[in-house]
Amino acid sequence: MAPISSTPLTTLKAAQRQLLLKPLDAAVFLAPWPTATPVTPGSMTDATGNLLPLPAAYQSVGLIDKKSGVSFARAVTAAPIEAYGEMQPVRDDITSDVTSLEFEPQQISLLNLALTTNTNLSSVQANSANGEVGFWQPATPQINYYSAVVIGKDGTDANPTYIFKIMPKVAVTKWGGEQWTPTNLMSEKLTLTAFKDDALGYAVAHGFGGIGWQKLLSTTGFKYTATGITITPMTVTHGTTSVSPLVVTDQFGGVVPIANCGFTPAGGSGLTVNAAGYVIATAGATLGAATISVVYTPAGGSPLAPVNANITVN
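In this report, we go over the structure that sits alongside the text. Everything quoted here is computed from the prediction, not taken from an experiment.

Analysis parameters
Residues numbered from 1 in each chain as written. Predicted model: local features only at pLDDT ≥ 70, side-chain atom pairs only at ≥ 80, totals over all residues. Heavy atoms only, no water. 1 Å grid on protein atoms, 1.4 Å probe; cavity = no way out; pocket = protein on both sides within 12 Å on 5 of 7 lines; lining within 4 Å. Points joined across faces, edges and corners; volume = space filled by probe spheres on them. Nonpolar A, V, L, I, M, F, W, Y, C, P; charged D, E, K, R; others polar. Helix = DSSP H or I, 4+ residues; strand = E, 2+ residues; numbered from the N terminus. Polar contact = N/O pair within 3.5 Å; in protein donor to acceptor, adjacent residues only side chain to side chain. Contact = heavy atoms within 4.5 Å. Pairing = 2+ DSSP bridges. Axes fitted to C-alpha atoms, helices over the stretch in contact; angles between N-to-C directions. Patch = residues over 30% accessible without salt bridge, like charges linked within 9 Å, V, L, I, M, F, W, Y side chains within 5 Å. Areas by Shrake-Rupley, 256 points an atom, 1.4 Å probe, with all protein chains shown as cover. Salt bridge = Lys/Arg side-chain N within 4 Å of Asp/Glu carboxyl O. Buried < 20%, exposed > 50% of the residue type's maximum accessible area, 1.4 Å probe, protein only.

1. Regarding empty space enclosed by the protein
Here's step 1: Enumeration over the complete set of coordinates arrives at one cavity of 30 Å³ or more.
Here's step 2: Roughly 90 Å³ of internal volume is contained in the largest cavity.
Here's step 3: Lining the largest cavity are Pro-105, Gln-107, Ile-108, Asn-112, Leu-113, Thr-116, Glu-178, Met-186, Ser-187 and Glu-188.
Here's step 4: In terms of residue class, the lining of the largest cavity is built from four nonpolar, four polar and two charged.

2. Some details on the side chain of Ser-187
Here's step 1: Its place among the elements puts Ser-187 in the loop between β6 (160-175) and β7 (190-194).
Here's step 2: A distance of 2.4 Å separates polar atoms of two side chains, one belonging to Ser-187 and the other to Glu-104.
Here's step 3: Among all residues touching Ser-187, those that are not within four sequence positions of it are Glu-104, Pro-105, Gln-106, Gly-177 and Glu-178.

3. Notes on the sheet that holds strand β12 (residues 261-265)
Here's step 1: Reading across from one edge, β10-β16-β15-β12 is the order of the four strands in this open sheet, with mixed pairing throughout. Here the strands that pair on one side only, and so sit at the sheet edges, are β10 (234-236) and β12. Each neighbouring strand pair of the sheet contributes to a mean axis angle of 35°, computed without reference to strand direction.
Here's step 2: Across seven bridges, the pairing between strand β15 (residues 288-296) and strand β16 (residues 307-313) is antiparallel. Each residue of the ladder has a partner; that of Ser-293, found in β16, is Asn-308.

4. Topic: a nonpolar patch on the surface
Here's step 1: On the surface, Ile-108, Trp-180 and Met-186 cluster together into a nonpolar patch covering about 390 Å² of accessible area.
Here's step 2: Within the secondary structure, Trp-180 is located in the loop between β6 and β7.
Here's step 3: Residue Trp-180 is classed as exposed on the basis of its relative accessible area, which comes to 68%.

Printed below as a string of structure tokens:
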């Protein structure tokens, strides 16, 4: 009996460490609601992957407590329907889906004081004689709405991957309280709840961008339009297989999956390319310069025009 072929688990799980993201820095921006919110694809970064300015009304809360960072919580409530004799629910409906944002601003500013005291401070003015500022915290319940944009960054400033969370309508719904000690800042943890903005039709939007993201795009599974590819030249010794596979990159500099590439060796050159992208040169391969035609088909897209890869056989 012929042995049963198997595929290693390490291949099946498609591990890609470059897709592990870790926000190393983050900023929270707030504006009075309703304020124009950047929500359309491509609206947060320009064609080169650099951040675009936010609408003028957005202000940063500044430095944020490092230990607690920026937290996003999602509370989902469901209403399962059970049937007599059945061990699992026969129907389940989501009846509530609430997202909240939590962070601890560390800077004392008009924006942060307005958040921590739930007070509208837009008309408060400092005493011109001594510079003192004073205001009254509301004695009656009130809710102040804001538009929020949160930007996280992984990687370096030269090669960043940005993570975006956009909440067009939020309000502070929980205050952590202040604790005055000689070893801690005078700061207060805040929880903001996201609400659906009726004009925009959503409560939370997500996004990714930046130069680093552009280079990852081809491996994420998202559909995109590839406008061109580049192949790294290679040298291979006749009678052997290349020590590394052909490297094909898209217009963003991202390495595209070899599985999405079709290779046509130059006629009579004695060159072939296997499924992993390794170039195989027969013992009788023509020495010197040769070319291999490469056609890349992006996921969910149409094949690009063939591009030649330069191969040197020695």
